[in-house]
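Structural description and commentary
This is what each chain is made of:
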Amino acid sequence: MPITWKGLKLLIVGVVVLFAGYILMAGGGSDDPAVFNPAMFDFRRLVAAPLVILCGLIIEVVGIMGIFKKEGK
């Protein structure tokens with residue numbers, strides 16, 4: 001079962017979505033280890049970023065395992 005052009009496009013979109021999720025998860029630390037920064041426990045890093053990463057993984061699975069009809073048929 002070869003990967004079609006539609007599957008390849010989905011793989012590229014999935015990688016972009018995964019990358020966006022990891023960017024959302026980045027940051028929130030403190031330069032001084034003795035100072036606590038509560039920004040690392042906000043909604044973006046605890047809920048939104050993992051959901052975006054999960055969506056990216058689902059897109060990747062559909063891109064790999066999906067059965068797409070050939071165009072023109």
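Up top you'll find the structure we're talking about.
Parameters and conventions
- Residues numbered from 1 in each chain as written.
- Predicted model: local features only at pLDDT ≥ 70, side-chain atom pairs only at ≥ 80, totals over all residues.
- Heavy atoms only, no water.
- Helix = DSSP H or I, 4+ residues; strand = E, 2+ residues; numbered from the N terminus.
- Rg over C-alpha atoms; globule rule 2.2 N^0.38 Å.
- Buried < 20%, exposed > 50% of the residue type's maximum accessible area, 1.4 Å probe, protein only.
- Contact = heavy atoms within 4.5 Å.
- Areas by Shrake-Rupley, 256 points an atom, 1.4 Å probe, with all protein chains shown as cover.
- Lys, Arg positive; Asp, Glu negative; His and termini not counted.
- Charge placed at Lys NZ, Arg CZ, Asp CG, Glu CD.
- Phe/Tyr/Trp six-rings, centres within 6.5 Å; stacked < 30°, edge-to-face > 60°.
- Salt bridge = Lys/Arg side-chain N within 4 Å of Asp/Glu carboxyl O.
- Patch = residues over 30% accessible without salt bridge, like charges linked within 9 Å, V, L, I, M, F, W, Y side chains within 5 Å.

Attention now goes to the overall build of the protein chain. Along its length, the protein chain carries 2 helices and 0 strands. At 18 Å, the protein chain has a C-alpha radius of gyration far larger than the 11 Å of a compact globule built from 73 residues. Considered along the principal axes of its C-alpha atoms, the protein chain spans approximately 65 × 15 × 15 Å. Taking all 73 residues of the protein chain together, 16% fall into the buried category. Long-range pairs, those at least 24 residues apart, make up 72% of the contacts in the protein chain between residues at least 6 apart in sequence. Element-wise, carbon and sulfur atoms account for 74% of the exposed surface of the protein chain, whose accessible area totals about 5800 Å². Side-chain charges in the protein chain split into 7 positive and 5 negative, and the spacing between the mean points of these groups amounts to 23 Å.

Tallying each qualifying case throughout the model produces 1 aromatic pair. An angle of 25° between the planes, with centres 6.1 Å apart, marks the rings of F36 and F41 as stacked. Under the relative-accessibility criterion, F41 is labelled partly exposed at 48%.

Turning our eyes to something else, we now look at the pattern of salt bridges. Within this structure, the stated rule accounts for 1 salt bridge. Put simply, D42 and R45 hold a salt bridge, and the shortest N to O gap is 3.2 Å.

On the surface, F36, M40, F41, F43, L46, V47, L51, L54, L57, I58 and V62 cluster together to form a nonpolar patch covering roughly 1100 Å² of accessible area. By the element assignment, L46 lies in helix 2 (residues 43–65).

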